[in-house]
Each structure stands twice: as C-alpha cells, then as structure tokens.
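# Residue-level structure breakdown
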Amino acid sequence: MHLARFNPVRFAHLPTPLEPLPRLTEALATAGGGGPNLWIKRDDCTGLAGGGNKTRKLEYLLGDALANDATALITQGAVQSNHVRQTAAAAAMFGMACEVILEERTGSNAADYTLSGNVLLDELLGANIRRVPGGTDMNAQLAQVAAEVAAAGGRPYVIPGGGSNVIGALGYVECAMELVSQANEAGLEIDRIVTATGSAGTHAGLVAGIAVMGADIPILGIGVRAPKDVQEANVFKLAQETADLLGHKDRVTRDLVVADCDYVGAGYGLVDEAVIDALKLAARTDAILLDPVYTGKAMKGLIALSRKGAFDGETVVFLHTGGAQGLFGYQTIMDGHLG
Ligand SMILES: *Cc1c(COP(=O)(O)O)cnc(C)c1O
C-alpha cells in the first residue's frame with residue numbers, strides 16, 4: 001500500500017504508543033485463568049488540540065482540502081463532538097475558517113453539556129458554531145452552509161460527520177499498518193482489535209487496511225448508535241470503497257465486518273451505570289481516561305464480553321479513539337456516580 005500518493009499533510013503525533021494494560025488485564029481475569037491479555041493503542045494521543053481518532057483522518061482530508069485551495073472547512077456533529085473539535089483545530093492550524101453545525105442529539109440542556117467540554121474548545125479554536133435540533137437533515141445543512149460560504153467569496157471544503165468518507169478512512173488504513181508493524185517489532189501476536197464504531201470511518205479503515213495487508217486480524221466494532229445490521233452495512237460499504245481506492249476491493253469480504261451493538265444502552269451520547277463503571281475501572285487500574293460517548297461504551301462492551309469468556313486466552317488490542325475532553329460536558333450527568 002502506497003499511501004503517500006494521497007498526499008496527506010503531517011501534523012499528528014505518530015506513531016501512537018502501543019502499551020500493555022496490566023492492571024485492567026488482572027481486573028478482568030477470571031477465576032479459571034480466563035480473560036483477555038489487554039493492550040491499548042493510544043490514538044487518544046495523536047496531538048491535535050487534545051487529539052483523538054479524527055486527527056489521522058484529517059491528515060488526509062486536509063491534504064485534499066489544500067489541493068482544492070479551500071479557505072473554509074465545514075463540518076457537523078453532535079454537541080460534544082470530538083470530530084468538530086479536531087476539525088476546528090486543523091482549520092486554525094492552516095489559517096482556514098471553520099463553520100460547524102452542532103446537532104442536539106441527547107436532549108440534555110445542562111450548561112456543561114451545551115457549553116463546556118468540546119464546545120468550549122471549539123469556540124477557543126475559533127470555530128463559528130450553528131446549533132440545530134435533533135433529527136435535522138445534517139447533509140442538507142452542510143450543503144446550505146457551503147453555499148453561504150461560497151456566496152461570500154470563500155472556497156468551502158465539506159467534511160462529512162466524523163470525517164468518514166474514503167479519504168478520511170485512509171487515516172485508519174495507515175493506523176492498521178502502524179499497529180501491525182509495532183506488533184511485529186515487539187513480537188506481539190494480536191488475536192483481535194476492539195474499537196468503538198460510530199460514523200464508520202475508523203472501523204472501515206482498519207478493516208480495509210488489515211485486509212489489503214493480508215494481516216488476518218479480526219476486528220470487533222462496538223456500536224455507539226445504530227443497530228447491528230445498519231452499522232455493519234455502513235462499515236462494509238465504506239471498507240469496500242476504501243479498499244477499492246487502494247486497488248483491492250475484492251479483499252474486503254462481508255464476513256470481515258463485525259459489530260456488536262448490544263451496548264448502546266438508551267441511545268447515542270447517553271451514559272448508563274455500566275458506562276460509568278467502565279470509565280472508573282479504566283481510570284483506576286491503568287490510569288486511562290476514556291470518554292462517555294464512544295470509548296466508555298466500547299469498554300463497557302469489552303468488559304461484559306470478557307466476563308462472558310468471549311476473549312479467553314486472546315491478546316486483544318483496544319483502540320483508544322480519544323474523547324476525554326468530552327468528560328467535562330458530562331459532569332452534571334455523572335455527579336454522584338463517581339464514588
Ligand atoms: C468519532 C469517534 C469515534 C468513532 O469513530 P468513527 O470513525 O466515527 O466510527 C470513536 N471514539 C471517539 C472518541 C470519537 O470521537
């Protein structure tokens with residue numbers, strides 16, 4: 001795979017560390033000697049104004065935006081979107097305007113949710129924020145804002161929610177290559193990769209990367225929003241398109257795409273006791289700060305599946321996709337649950 005031909009711009013702190021999680025591994029060990037041997041890929045440390053998984057995607061997306069002489073980045077997300085924060089940071093770094101549309105998806109009116117966490121950082125980074133109610137046609141909103149920017153003489157570059165198109169997914173093809181090379185160097189045999197899966201670009205990029213490399217490592221996506229059939233179909237479509245861009249569409253087969261969407265709980269961005277327990281366990285064992293919307297839910301699933309014996313004897317790499325900045329938007333909601 002020759003990713004340089006897609007002209008990414010370089011600002012991420014790479015490679016991100018691949019580290020063991022000894023205390024979490026011990027906490028999930030079962031009496032009979034079962035449980036996973038857990039490692040973590042630290043994509044929460046990609047560096048871009050707090051970092052997270054959108055940073056790798058943005059290296060490729062900014063490459064494309066610069067090739068198109070864009071003067072403004074336009075994107076959308078939930079109120080506490082980490083993608084929006086990282087896009088605002090990238091725009092600042094390249095001297096571009098940033099227009100963002102935040103969708104009210106969770107129903108929370110708490111001041112910390114609507115103003116703190118990622119929202120505070122979006123504003124600090126200079127993004128211009130528009131807010132719309134839940135259920136709004138966000139693609140239509142993106143098109144409308146792009147038209148407004150163009151009418152005012154700017155050159156808009158629209159980035160879809162989560163940066164999840166084939167260009168963004170290349171960032172996770174690169175992550176797959178980086179991870180396999182780190183594992184080879186460390187003599188670490190990976191049995192499975194576990195990641196949160198939302199707008200699908202991360203999961204799809206990993207599937208495409210592992211498949212095109214022929215590395216044969218199963219990937220489990222833990223869903224945060226859509227039901228399993230919808231999530232797997234979205235990931236499969238994008239993984240195939242990404243592999244196609246790399247000249248190997250046939251290598252991504254449907255069986256490679258597996259999502260478990262049993263841990264979404266009441267809905268996107270809504271935390272429950274098991275999510276808070278997962279946040280506490282990761283923090284209090286290996287000092288890992290997860291987030292309430294994505295990695296906390298993925299860890300909730302990983303813990304539950306471990307306790308059911310799903311990973312017995314496996315070396316599992318948990319991809320930390322970032323998001324801890326969003327914790328500050330959830331103070332009211334978690335208040336009284338952190339003891
Ligand atoms: C966006 C995001 C995800 C999900 O990644 P997708 O590529 O949208 O599936 C996971 N974790 C965090 C912290 C995110 O911000």
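Above: the structure in question.
Residues numbered from 1 in each chain as written. Predicted model: local features only at pLDDT ≥ 70, side-chain atom pairs only at ≥ 80, totals over all residues. Heavy atoms only, no water.

## Thoughts on the site of the ligand
Contacts to the ligand come from 16 residues, most closely from Lys54, Lys57, Gly198, Ser199 and Thr321. A distance of 2.5 Å separates an oxygen atom of the ligand from a polar atom in the side chain of serine 199. In this structure, alanine 200 approaches the ligand through a main-chain N or O atom, which is 3.0 Å from an oxygen atom. Elements represented by at least two residues in the shell around the ligand include exactly α2 (54–67) and α8 (201–213). Considering only residue class, the shell around the ligand consists of two nonpolar, eleven polar and three charged. (Near = heavy atom within 4 Å. Polar contact = N/O pair within 3.5 Å; in protein donor to acceptor, adjacent residues only side chain to side chain. Helix = DSSP H or I, 4+ residues; strand = E, 2+ residues; numbered from the N terminus. Nonpolar A, V, L, I, M, F, W, Y, C, P; charged D, E, K, R; others polar.)

## Brief notes about the pattern of salt bridges
Summed over all chains, the structure comprises 15 salt bridges. The shortest N-O distance in the salt bridge between lysine 41 and glutamate 178 comes to 2.5 Å. Placement of the pair is lysine 41 in strand β2 (residues 37–42) and glutamate 178 in helix α7 (residues 166–186), with a sequence separation of 137 residues. Here lysine 41 matches glutamate 178 in class, with each residue buried. Glutamate 232 is the salt-bridge partner of lysine 228, the closest N and O atoms lying 2.8 Å from each other. With a gap of four residues between them, lysine 228 and glutamate 232 both fall in helix α9 (residues 228–245), about one helical turn apart. When its relative accessible area of 7% is taken as the criterion, glutamate 232 is described as buried. Several salt bridges share partner residues, and in doing so they unite Lys41, Asp43, Arg56 and Glu178 into one network. (Salt bridge = Lys/Arg side-chain N within 4 Å of Asp/Glu carboxyl O. Buried < 20%, exposed > 50% of the residue type's maximum accessible area, 1.4 Å probe, protein only.)

## With respect to the sheet that holds β2
Hydrogen bonds between backbone atoms are what pair the strands of a sheet, whose relative direction is either parallel or antiparallel. On the basis of which strands lie adjacent, the open sheet formed by six strands has the order β1-β2-β10-β7-β8-β9 and mixed pairing. The strands lining the two open edges of the sheet, one partner per strand, are β1 (18–20) and β9 (258–260). Here the average twist between neighbouring strands, direction ignored, is 30°. Taken together, the six bridges between β2 and strand β10 (residues 315–320) define a ladder with parallel strand orientation. Across the sheet, lysine 41 pairs through a bridge with leucine 319, a residue of β10. (Pairing = 2+ DSSP bridges. Axes fitted to C-alpha atoms, helices over the stretch in contact; angles between N-to-C directions.)

## Digging into unusual backbone geometry
In this model, leucine 14 is joined to proline 15 through a cis peptide bond whose omega is -5°. With respect to the secondary-structure elements, proline 15 resides in the segment before β1. The residue aspartate 69 is not glycine, and still its phi comes out positive at about 55°. Structurally, aspartate 69 can be placed in the loop between α2 and β3 (72–78). At alanine 200, a residue that is not glycine, the phi angle is positive and equals roughly 90°.

## Observations concerning a nonpolar patch on the surface
Nonpolar side chains collect at one region of the surface, where Leu66, Met93 and Phe94 lie side by side and expose about 240 Å² of accessible area between them. Within the element layout of this structure, leucine 66 appears in helix α2. A relative accessible area of 34% places leucine 66 in the partly exposed class. (Patch = residues over 30% accessible without salt bridge, like charges linked within 9 Å, V, L, I, M, F, W, Y side chains within 5 Å. Areas by Shrake-Rupley, 256 points an atom, 1.4 Å probe, with all protein chains shown as cover.)

## A closer look at helix α3 (residues 82–93)
If you check α3, its first and last C-alpha atoms are 17 Å apart, about what twelve residues at 1.5 Å a residue would give, namely 16 Å. Within α3, ten of the twelve residues are buried, leaving the element largely enclosed by the surrounding structure. Along α3, the positions that sit buried rather than exposed are Asn82, His83, Val84, Arg85, Gln86, Thr87, Ala88, Ala89, Ala90 and Ala91. Those residues of α3 that are buried lie in contact with α2, β3, β4 (97–104) and α5 (118–124). Two to three positions downstream of the cap, the backbone nitrogen of histidine 83 sits 3.2 Å from a side-chain oxygen, assigning the N-cap of α3 to serine 81. The first or second residue beyond α3 is glycine 95, which carries a positive phi of 65°. (Expected span 1.5 Å × (residues − 1). Contact = heavy atoms within 4.5 Å.)

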